[in-house]
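# Summary of the model geometry
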Amino acid sequence: TPPPPPELPFAGTPDQLMKNFQTVYEEMDIDGYRQVIDSEFRIYLSQDVFVYEPDSDAQNQFPGVFDGWFRPQEVSFINNFYNSGVTIEAKMRDDDFVLPGDSGTQVTWEGVIYDLIVTNANDGSTPRYRASAIITFSLEGNFWYITRWRDQQGESNPDNPGQLLSSMGVLRGTFASK
């Protein structure tokens, strides 16, 4: 039995929430992932919930798959992804990303570049997903949550600058279309 995932630090800022998000990706912690993408209380009240919007490449590759992609679709995707025999190296934002202020109850980070390397235990492949995104955070009580993730476009591979990599939308679309 694998050890339990680490306890996540209090997500009192969007910055800490993104650090937690990176941890839940690398630890493949489904419960932690649920905690990051919106509060159960807001879902119970039918208020704003998590929304994912793909970049145009993912949308074109998987037409119709992302229509109405909300928290249930995201949780289903991440559960299937985590249980598919993979390990993940994640960096949920570049080191040079300048954090905007987090005053108020909603904050949007634009131009966040994330980078995931996925190792598939079944075939040894290591696809990499690197893209820019616009991420919206909302404050509920004392906790921040990710309430909207909009992939913008794939980004260049740092190891091969001429190669444009896909966004996580392509990964989501691949799992959702199975």
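Residues numbered from 1 in each chain as written. Predicted model: local features only at pLDDT ≥ 70, side-chain atom pairs only at ≥ 80, totals over all residues. Heavy atoms only, no water.

## Comments concerning the overall build of the protein chain
Worth spelling out the cut-off: Numbering of helices and strands runs from the N terminus; a helix is a DSSP stretch of H or I covering at least four residues, while a strand is a stretch of E covering at least two. When we talk radius of gyration, it's over C-alpha atoms, and the globule rule is simply 2.2 Å times the number of residues to the 0.38. Each residue gets one of three labels from its accessible area relative to the maximum for its type: buried under 20%, exposed over 50%, partly exposed in between, using a 1.4 Å probe on protein chains only. For every accessible area listed, the method is Shrake-Rupley and the probe measures 1.4 Å; residues are considered covered only by the protein chains on display.
Within the protein chain one finds six helices and seven strands. Secondary structure elements of the protein chain, listed N to C terminal, follow the sequence α-α-α-β-α-α-β-β-β-β-β-β-α. Taken over the C-alpha trace, the protein chain has a radius of gyration of 16 Å; the compact-globule value for 178 residues is 16 Å, and the two agree within 12%. C-alpha atoms of the protein chain, sized along the principal axes, occupy 45 × 40 × 35 Å. Expressed as a percentage of the 178 residues in the protein chain, the buried residues total 45%. For the protein chain, the exposed surface amounts to about 9200 Å²; the carbon and sulfur share of it is 47%.

## A closer look at empty space enclosed by the protein
Here is the rule: With a 1 Å grid spanning the protein atoms alone, the term cavity applies to any set of points in which a 1.4 Å probe fits but cannot get out, the term pocket to an open set with protein on both sides within 12 Å along at least five of seven lines, and the term lining residue to any residue with an atom within 4 Å of a point. Grid points are joined across faces, edges and corners, and a volume is the space filled by probe spheres set on the points. Classification convention: Asp, Glu, Lys, Arg as charged; Ala, Val, Leu, Ile, Met, Phe, Trp, Tyr, Cys, Pro as nonpolar; all other residues, Gly among them, as polar.
Applying the stated criterion across every chain, the model contains one cavity of 30 Å³ or more. What the largest cavity holds in volume is close to 30 Å³. Contributing elements (two or more residues each) for the lining of the largest cavity: helix H1 (14–27) and helix H6 (168–176). Tallied by class, residues from the lining of the largest cavity come to six nonpolar, no polar and one charged.

## A word on the nonpolar core
As a reminder, the rule being used: Side-chain atoms within 4.5 Å are what join buried Ala, Val, Leu, Ile, Met, Phe, Trp, Tyr and Cys residues into a set we call a nonpolar core. Two residues qualify as a contact provided that any one of their heavy atoms is within 4.5 Å of a heavy atom in the partner residue.
Counting 45 residues, the largest nonpolar core has Phe21, Tyr25, Phe81, Ile146 and Trp149 as the members making the most contacts within it. Ranked by residues supplied to this core, first place goes to strand S3 (residues 106–120) with six residues. Apart from residues lying up to four places away in sequence, phenylalanine 81 is in contact with Tyr25, Val86, Ile88, Val118, Leu171 and Phe175.

## Focus: the environment of valine 36
Within the fold, valine 36 resides in helix H2 (residues 30–36). Look past the residues within four positions of valine 36 in its chain and what remains in contact with it is Leu17, Asn20, Phe21, Val24, Tyr145 and Ile146.

## Regarding the pairing of S3
The condition that has to hold: In this analysis, strands are considered paired if DSSP registers two or more bridges between them.
Taken together, the six bridges between strand S2 (residues 86–91) and S3 define a ladder with antiparallel strand orientation. Within the sheet, the bridge partner assigned to alanine 90 lies in S3 and is leucine 116. For S3 and strand S4 (residues 128–140), the ladder comprises ten bridges, and the chain directions are antiparallel. The partner of leucine 116 across the bridge, within S4, is tyrosine 129.

## Some thoughts on the packing of aromatic side chains
Let me state the cut-off plainly: For Phe, Tyr and Trp, rings pair up if their centres lie within 6.5 Å, where Trp contributes its six-membered ring, and each pair is then called stacked (planes under 30 degrees apart), edge-to-face (over 60) or tilted (otherwise).
Tallied over the entire structure, the rule returns 17 aromatic pairs. Seen from their ring centres, phenylalanine 66 and tryptophan 69 are 5.4 Å apart, and the 45 degrees between their planes marks the pair as tilted. When its relative accessible area of 5% is taken as the criterion, phenylalanine 66 is described as buried. Given the relative accessible area of 4%, tryptophan 69 is considered buried.

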